[in-house]
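What follows is the residue order along each chain.
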Amino acid sequence: MPASTSSSTNMSFVLTSTTELASSYDIQSSSEEAAISQYQQCSYEAGIRIYKQLLGDIPEDGLDLSNIRIWIQRADSRMLELFKEELVAMIDQSIQEINSKHGQEQESDMHRLLKLAGVMTMLSPSSDLLPAILRLYVTLEIFPVNQVNGIASELKRCVREIFQGQCSLALNGIYSVPRGGGIHNITSYMMNYIKYMWEHDSLLNVILAQDDGESENPLHDGKWTRLDYFVQSLIGYLDSLLETISKYQSTEFQCIFLLNNAHFILEILEKLDMKSALQQSWITRHHNQVEYQIARYLEHSWEPILSRLVARKNILFPCFHLPPLTEFYTMLNNNCAVQKYWKIEDPKLRQVVRKTISSRVTQCYQAYLGRSVKNQKRAHYTSEDLSY
């Protein structure tokens, strides 16, 4: 069949041509991506060489850091992160060298450290820089006063801005409740950061006390003159944030979420060394919050189920209602299915909640079965079956 053969040949040609074109396009596209990637890698490596050279060329005396300032303004976020790591490493090395020398031997390293500190104050203050800033501040205490006044003020400004940035995370951040209602990342981050600051409270209190009232509390127009005042503000913002992001969840799920986070906050606060009269009030408040959320969870999640076992009187058209025990089993199974993937992360807290629920459920169930032999005959489970 010539016609059929011709048609088949033409179709084969078309398919072959299309495949070749697609393959050619893929090769070209792949080559372009490789070229772009290579260019980016070259730019990246060039950027690293430039900032290392800039840092390496910092003069011991001169005042001109304009080249570094311009580079910082133009660098992208990835490059700035690498720059910060390099700068912190150089600062730590200078501090180590200063501490290993005495007298005039320290002068060269001291000049260099002052310049590195000046570069540090050019960066946007971020929480990960606080440890390096505190190490700098401590080391600068051995410098002549006339050399460090200006840079010390700049470092204090950086600390204040870091504090304000921590508050902004809670005040202005957009967050969602994690699946299962566990401990939120922002809770873990903030409380561990508070733990770190608390370990350096003496130095931070000195910085805040010398602040001349410049650290303004953005919510209450107060002033952070001590670390515990700041921590109190930060914990308050965190509590408000957790309430806000969970308010659109079901009440039962909100209880689990707030319970997990309040318990985590409480654990961190209890482990801090007692250094402030305010600390006990924070502990008491979050202990009460844990107890409240457990009671609230029981009320909204389990009491409606247990109410099926309460004797009901004057029911209109009882023939249209399911038997109490049937309603109880149905609601119980539905509740367990909905909450299957909810979690209470702390094992001890989980055991407390389980015992509380188990005690309440078995108490009501036993009371219902004890009312009549008929109730016992209709029961699918014993009280032991329903205990956790």
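Residues numbered from 1 in each chain as written. Predicted model: local features only at pLDDT ≥ 70, side-chain atom pairs only at ≥ 80, totals over all residues. Heavy atoms only, no water.

1. Quick word on the environment of L234
Here's step 1: Looking at the element boundaries, L234 is found in helix 9 (residues 227–246).
Here's step 2: The class for L234 is buried, based on a relative accessible area of 0%.
Here's step 3: When residues no more than four places from it in sequence are discounted, the contact partners of L234 are Q166, C167, M190, I194 and M197. (Helix = DSSP H or I, 4+ residues; strand = E, 2+ residues; numbered from the N terminus. Buried < 20%, exposed > 50% of the residue type's maximum accessible area, 1.4 Å probe, protein only. Contact = heavy atoms within 4.5 Å.)

2. Focus on the packing of aromatic side chains
Here's step 1: One pass over the structure, following the stated rule, counts seven aromatic pairs.
Here's step 2: Geometrically, the ring pair formed by F163 and F230 is stacked, given 4.0 Å between the ring centres and 15° between the ring planes. Pair noted here: F163 is in helix 6 (residues 145–172) and F230 is in helix 9, with a separation of 67 residues, a long-range link.
Here's step 3: For the pair F328 and Y365, a centre-to-centre distance of 5.6 Å together with 25° between the ring planes defines the contact as stacked. Here the residue F328 occupies a position in helix 12 (residues 324–338), and Y365 occupies one in helix 13 (residues 347–369), the gap between them amounting to 37 residues. Considered together, F328 and Y365 belong to a single accessibility category, that of buried residues.
Here's step 4: Among the aromatic residues, those joined into a cluster by ring pairs are F328, Y329 and Y365. (Phe/Tyr/Trp six-rings, centres within 6.5 Å; stacked < 30°, edge-to-face > 60°.)

3. Details of the pattern of salt bridges
Opposite charge on two side chains lets them pair, provided their charged atoms get close.
Here's step 1: Here the structure, examined in full by the defined rule, presents nine salt bridges.
Here's step 2: Its salt-bridge partner being D228, residue R226 comes within 2.7 Å of it at the nearest N-O pair. (Salt bridge = Lys/Arg side-chain N within 4 Å of Asp/Glu carboxyl O.)

4. A look at the side chain of S94
Here's step 1: Position of S94 among the secondary structure elements: in helix 3 (residues 77–99).
Here's step 2: When neighbours within four sequence positions are excluded, S94 is seen to be in contact with R112, L113 and L116.

5. Section: the nonpolar core
Here's step 1: In terms of nonpolar packing, the biggest core is built from 100 residues, with M120, F163, M197, F230 and F328 touching the most fellow members.
Here's step 2: Sequence-distant contacts of F230, defined by excluding residues within four places in its chain, comprise F163, Q166, C167, M197 and W224. (Core = buried A, V, L, I, M, F, W, Y, C linked by side-chain atoms within 4.5 Å.)

6. Thoughts on helix 11 (residues 277–306)
Side chains that are three or four residues apart share a direction in an α-helix, a result of its 3.6 residues per turn.
Here's step 1: Under the 1.5 Å per step criterion, the end-to-end length of helix 11 is 43 Å for 30 residues, consistent within 8% with the ideal 44 Å.
Here's step 2: The sharpest bend along helix 11 reaches about 35° and sits at E299.
Here's step 3: Near the N-terminus of helix 11, the side chain that reaches the backbone nitrogen of L278, with its oxygen 3.0 Å away, is that of S276. (Expected span 1.5 Å × (residues − 1). Bend = angle between axes of the 7 residues up to and from the residue. Polar contact = N/O pair within 3.5 Å; in protein donor to acceptor, adjacent residues only side chain to side chain.)

7. Things to note about helix 2 (residues 66–74)
Here's step 1: Of the residues making up helix 2, those classed as buried are I68, W71 and I72. For helix 2, the buried positions fall inside an angular range of 100° around the axis, keeping them on one side. Relative to its buried face, helix 2 has exposed residues pointing more than 90 degrees away, namely Q73 and R74. (Arc of directions from axis to C-beta.)

8. Considerations on the confidence of the model for the protein chain
Here's step 1: Within the protein chain, residue pLDDT values average 79, and 74% of them lie at 70 or more.
Here's step 2: When pLDDT is averaged over each helix and strand of the protein chain, the minimum, 51, is found for helix 1 (residues 2–56) and the maximum, 96, for helix 10 (residues 251–271).
Here's step 3: Note that residues 35–40 has pLDDT below 50 and, in this model, zero contacts with residues that lie over four places away or in other chains.
Here's step 4: With pLDDT under 50 throughout, residues 217–222 is counted as low confidence; its partners more than four residues away or in other chains account for ten contacts. (pLDDT = per-residue confidence, 0-100.)

9. Quick word on the packing of helix 4 (residues 107–120) against helix 5 (residues 130–140)
Here's step 1: Packing of helix 4 against helix 5 brings their axes to within 11 Å, and their N-to-C directions diverge by 145°. The handedness of the crossing between helix 4 and helix 5 is left-handed. Only A132, I133, L136, T139 and L140 of helix 5 make contact with helix 4, whose side of the interface consists of L113, L114, A117 and M120.
Here's step 2: For the contact of helix 4 with helix 5, the per-class residue count stands at eight nonpolar, one polar and no charged. (Axes fitted to C-alpha atoms, helices over the stretch in contact; angles between N-to-C directions. Left-handed = near helix turned anticlockwise from the far one by under 90°. Nonpolar A, V, L, I, M, F, W, Y, C, P; charged D, E, K, R; others polar.)

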